[in-house]
Amino acid sequence: MRDESKTIRATAMFELIAPDAPVVPVKVELSYTSRDPYAVQASFRTGHDTTVDWVFARDLLADGLVDSAGTGDVRVQPMSDDPTRIELELTSPSGHALFTTSAQTLSDFLQATYDAVPAASEYSWLDFDAALADLLDTTARD
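Just so it is clear, the structure is predicted and the values come from calculations on it, not from any experiment. (Residues numbered from 1 in each chain as written. Predicted model: local features only at pLDDT ≥ 70, side-chain atom pairs only at ≥ 80, totals over all residues. Heavy atoms only, no water.)

Moving on, we come to the environment of T100. As for its position among the elements, T100 is in strand β7 (residues 95-102). Remark: the alpha-carbon pair of T100 and M13, spanning 87 residues in sequence, is separated by 8.8 Å. Excluding its chain neighbours within four sequence positions, the residues that come into contact with T100 are M13, F14, E15, I17, M79, R85, I86 and E87. One polar contact links T100 to R85, side chain to side chain, over a distance of 3.1 Å. (Helix = DSSP H or I, 4+ residues; strand = E, 2+ residues; numbered from the N terminus. Contact = heavy atoms within 4.5 Å. Polar contact = N/O pair within 3.5 Å; in protein donor to acceptor, adjacent residues only side chain to side chain.)

Let's shift gears to the pattern of salt bridges. What the rule picks out here adds up to three salt bridges. Salt-bridge contacts for E15 lead to R85; the nearest nitrogen and oxygen are separated by 3.5 Å. In this pair, E15 sits in strand β1 (residues 7-17) while R85 sits in strand β6 (residues 82-92), placing the two residues 70 residues apart along the sequence. The exposure class assigned to E15 is partly exposed, which follows from its relative accessible area of 32%. When its relative accessible area of 18% is taken as the criterion, R85 is described as buried. (Salt bridge = Lys/Arg side-chain N within 4 Å of Asp/Glu carboxyl O. Buried < 20%, exposed > 50% of the residue type's maximum accessible area, 1.4 Å probe, protein only.)

Okay, unusual backbone geometry next. One non-glycine residue with positive phi stands out, namely D20, at about 55°. In this fold, D20 is placed in the loop between β1 and β2 (24-33).

Bringing the pairing of strand β3 (residues 39-45) into the picture now. The buried fraction of β3 amounts to five of the seven residues, a majority that puts the element mostly inside the structure. Bridging between β2 and β3 involves four bridges; their strand directions are antiparallel. Note on β3: the bridge partner recorded for S31 is Q41. Between β2 and β3, which pair antiparallel and follow one another directly, the connecting turn spans five residues. When β3 meets strand β4 (residues 51-57), the two strands line up antiparallel, connected through seven bridges. Paired with Q41 across the strands is V55, a residue of β4. Connecting the antiparallel pair β3 and β4 is a turn made up of five residues. (Pairing = 2+ DSSP bridges.)

Below, the structure written as structure tokens:
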């Protein structure tokens, strides 16, 4: 399976929630590739041509659809007052952001990723030789 590559993409509307400010809609491109089968990338459009990319575990998003998940820089959970919405909280040294989005949209995207690469089969999609070569190449440059 390592020679195959599957990519799943979806566009979602997230809402940036800020204290004492109106909700700001943010277009987010969700992507998944079997070349990195444990991860999902979310590209937040922050301006005309600017994006901020976050990469996090696919299972973290899936777990966050049903209960609070994550303890570090990324936390995901259903909204307590509206289970059709998901909260995504991102924290970094440069700031903190709280978003909400449709649970159905996120669930549909994740289902497509699990259809492409089923849970517990991710390891069979990894190219360990290429990963080791990348690691050794990076180490050699340092």
